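# Chain and residue survey
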Amino acid sequence: MSEELIDQVKQLIIDSLRIEGMNPADIETDAPLFGEGLGLDSIDALQLVVAMEKDFGVVVPDAATGSKVFQSVRSMAEYITEHRK
Amino acid sequence: MNCFMFPGQPLLRSELLPRDDDFDAIRELAGRRALFDLDGFSWLGEEGTESVKLQIYGVAMSLYHARRLRRQGIKPGLMAEHSMGIYPAMAACGSLSEGEVLELTFRAGCCMAQMGKSRQYALGCVIGLTLEPLLAIAENNEVYLANHNTSRHFLLSGERKNMEEAEAEAFACGAFSVKIFPCDAPLHSPLMAEVEGEMRAIFAGYRYREPAFPLMDHIDQDYLTAADLQDFMARELLLPVYWERTCHALRAAGAGSFFEVGVGDSLKKYNRWIDNEAK
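Cut-offs applied
Residues numbered from 1 in each chain as written. Chains lettered and ligands numbered in written order. Predicted model: local features only at pLDDT ≥ 70, side-chain atom pairs only at ≥ 80, totals over all residues. Heavy atoms only, no water. Core = buried A, V, L, I, M, F, W, Y, C linked by side-chain atoms within 4.5 Å. Buried < 20%, exposed > 50% of the residue type's maximum accessible area, 1.4 Å probe, protein only. Domains from an automatic or database assignment. Contact = heavy atoms within 4.5 Å. Helix = DSSP H or I, 4+ residues; strand = E, 2+ residues; numbered from the N terminus. Polar contact = N/O pair within 3.5 Å; in protein donor to acceptor, adjacent residues only side chain to side chain. Salt bridge = Lys/Arg side-chain N within 4 Å of Asp/Glu carboxyl O.

### Some remarks on the nonpolar core
One finds Met52(A), Phe70(A), Tyr87(B), Leu104(B), Met199(B), Phe203(B) and Tyr208(B) to be the most contacted residues of the largest nonpolar core, which totals 113 residues. Residue-level mapping places this core at the junction of two domains, with at least three residues from each of domain 1 (2-115 + 190-278) and domain 2 (119-183) of chain B. For Tyr87(B), the residues in contact, after removing those within four places along its chain, are Val59(B), Val101(B), Leu104(B), Thr105(B), Ala108(B), Met199(B), Phe203(B) and Met233(B). One finds Ala122(B), Phe154(B), Ala170(B) and Ala175(B) within the second-largest nonpolar core, a separate group that totals 15 residues.

Written as structure tokens, this is what we have:
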């Protein structure tokens, strides 16, 4: 998994969630995205699902899968690497 | 143009409360007019339910944030409300005082809580499905559309056992997420007709002044006048909140900057989704 993909995922999070004043470098690759991390919720999760499908052609079918995929930037990048068409 | 958006009842309370003169004033009012201690999240007199606690907390925090925005010199060109966000919105518009709004919230909440003594009700937050399958699920399980927040974010309302069946069907239909929240009353559904008369009597106990700012309602996207407020508060108990179309109407009316005046940022997130789809 490349650092380039990690940065792309960070940018996807910033752009799709319109997080103002944040750069990719501000997001820790292994930090939790929900709860104590970036504080994302299920509304954000669906926004990320749509963005991942649009940008990478990767489908996250349900919240159970999403809870694993959206654990961190790294887990998102790993999922994209495994499922990218 | 600035738009102040007043959210509905929060589902959780924040552990951290502000510490300043504005919060002190709101805390004092909540204690005196709603018999509720914001610091201890507990009743000072006649006890209400957990849902009523959250309703008073949500309204109090909206009143606080409205004060802070005023203090920062940020003025609204337009106001909008989601569900019980109408209560603090009325205070921000000058139609009622902050104290009256807190008292009204307590009285209305206690009235609605009577419904929960004889039946168990729940709200179901469904994310990921579109409207058509969502409405079919609601009809199949005798629950009701309570919030149409975005094209993929809805709230259902009804009896708890029916909601659990609706939850299972929603997952089977491919919903991304479904969460059930117990509540005192089936808000925004025809089942609320059971307490409509008592609620109208409560709303009739106040004198409403003309809103000082345009205040858009979430049912018809009309601007509410002082004469409309009582009837609107009664109607909205029985009808869904249409936030998606309210967001479009606010944009069409010239709203450019949105301020969520209350707990959380759900309305901003709905708007983000709606704006993305509109592009």
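### Focus: the side chain of Arg67(B)
Residue and element names in this part refer to chain B. Its location among the elements puts arginine 67 in helix α2 (residues 50-71). Here the side chain of arginine 67 touches glutamate 98 through a polar contact of 2.9 Å, side chain to side chain. In contact with arginine 67, other than residues within four places in its own chain, are Asp22, Ala25, Ile26 and Glu98.

### Overview of the pattern of salt bridges
Throughout the structure, instances matching the rule amount to 25 salt bridges over all chains. The closest approach of N and O atoms between Lys54(A) and Asp55(A), which form a salt bridge, is 3.9 Å. With relative accessibility at 45%, the residue Asp55(A) sits in the partly exposed group. Measuring nitrogen to oxygen at the nearest pair gives 4.0 Å for the salt bridge that ties Arg70(B) to Glu98(B). Placement of Arg70(B) in helix α2 and of Glu98(B) in helix α4 (residues 98-113) is noted, with a sequence separation of 28 residues between them. The class for Arg70(B) is partly exposed, based on a relative accessible area of 48%. Here the residues in one salt-bridge network are Asp20(B), Asp22(B), Arg67(B), Arg68(B), Arg70(B), Arg71(B) and Glu98(B), joined through shared partners.

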